[in-house]
Amino acid sequence: AVPAGAGAFFYPAFVSLRPLIVPVSALQTANGAISFLQSSAQVGGPVLAGLVVARFGPVAGFTVNALTFAWSAVCVARLRARADRLAERTGMLTEIREGLAEIRSRDWLWSSLLAAAMFHVASGVFIVLVEVTAVRDLGGAHALGLITAALGVGGLVGGLVGMRLQPRRMLLWAFAALGL
């Protein structure tokens, strides 16, 4: 609950900071690089965790995990947004109302958000069922590890593609990839 709760604050803020840190011309490449690094961590993290826990025990595993969060905090604290791109603040409720009005005014945006929400609900169910099926019917933790690694490899490939390709209708291609 704690990591998910922290992620609910961290990830939207992190995504909204990208245009303030990276020039617009390099934003697609930066997004691809971040995706690649996150997928690399999703593949390498469990491997490293398994090795640390197997060799040194669970306390060492939790310690290494805590250190990665501390390192992330240090890195994020060093980020500097370009002041020329900062918008004037008007208050959280006003900004929420303005944001919702912008979403309602664009059919493609609210329908995209609805589709993404449905995807996340469906993928949550899928993830739970895959884990249960892997553990119960496919051989246990080993099978689940292979499935998780395959997901990570897919993320690595997607990140590499995202760093190189810059299609004209990016959101259309993003939803096509999401469907896959």
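Bear in mind the structure is a predicted one, so any value in this text is a computation, not a measurement.

Criteria and cut-off values
Residues numbered from 1 in each chain as written. Predicted model: local features only at pLDDT ≥ 70, side-chain atom pairs only at ≥ 80, totals over all residues. Heavy atoms only, no water. Helix = DSSP H or I, 4+ residues; strand = E, 2+ residues; numbered from the N terminus. Polar contact = N/O pair within 3.5 Å; in protein donor to acceptor, adjacent residues only side chain to side chain. Salt bridge = Lys/Arg side-chain N within 4 Å of Asp/Glu carboxyl O. Buried < 20%, exposed > 50% of the residue type's maximum accessible area, 1.4 Å probe, protein only. Axes fitted to C-alpha atoms, helices over the stretch in contact; angles between N-to-C directions. Parallel < 35°, antiparallel > 145°, perpendicular 65-115°, else oblique. Contact = heavy atoms within 4.5 Å. Nonpolar A, V, L, I, M, F, W, Y, C, P; charged D, E, K, R; others polar. Expected span 1.5 Å × (residues − 1). Bend = angle between axes of the 7 residues up to and from the residue. Left-handed = near helix turned anticlockwise from the far one by under 90°.

Draft legend 1. Molecular detail of the environment of D107. With respect to the helices and strands, D107 occurs in helix α5 (residues 107-137). Separated by 92 residues in sequence, D107 and V15 place their C-alpha atoms 22 Å apart. For D107, the side chain forms a polar contact with the side chain of W110, separated by 3.0 Å.

Draft legend 2. Main features of the pattern of salt bridges. Within the structure shown, the criterion is met by two salt bridges. Note that D137 and R136 form a salt bridge whose closest N and O atoms lie 3.0 Å from each other. A relative accessible area of 59% places R136 in the exposed class.

Draft legend 3. Looking closely at the packing of helix α4 (residues 92-104) against α5. As a packed pair, α4 and α5 sit with axes 6 Å apart at the nearest point and diverge in direction by 100°. As far as their axial angle goes, α5 and α4 are roughly perpendicular. Of α5, the residues touching α4 (which contributes E102, I103 and R104) are L109, W110 and L113. Within the contact of α4 with α5, the residues separate by chemical class into four nonpolar, no polar and two charged.

Draft legend 4. Inspection of helix α1 (residues 2-21) at higher detail. Across its 20 residues, α1 extends 27 Å between first and last C-alpha, which sits within 8% of the 28 Å expected from 1.5 Å per residue. Residue A8 marks the point of greatest curvature in α1, where the axis turns by about 30°; the proline P12 follows within four residues. All of the buried residues in α1 are G7, F14, R18 and L20. In the core, the buried residues of α1 are packed alongside α2 (27-56).

Draft legend 5. Quick peek at the packing of α2 against helix α3 (residues 58-77). Closest axis-to-axis distance for the α2/α3 pair is 7 Å, and the angle between their directions is 145°. Crossing handedness for the pair α2 and α3: right-handed. On α3, the residues that touch V52, V53 and F56 of α2 are P58, A60, G61 and V64. The residue makeup of the contact of α2 with α3, split by class, is six nonpolar, one polar and no charged.

Draft legend 6. Representation of the environment of T148 in the model. Within the secondary structure, T148 is located in helix α6 (residues 141-164). Note on T148: relative accessible area 36%, which makes it partly exposed. Taking the C-alpha atoms as reference points, T148 and P46, separated by 102 residues in sequence, lie 9.2 Å from one another.

Draft legend 7. Just α2, in detail. Here α2 spans 41 Å end to end across 30 residues, near enough to the 44 Å set by a 1.5 Å rise per residue. Inspection of α2 places Q28, A30, G32, I34, S39 and V52 among the buried residues, and these make up the whole buried set. Phi for G57, located one or two positions after α2, is positive at around 100°.

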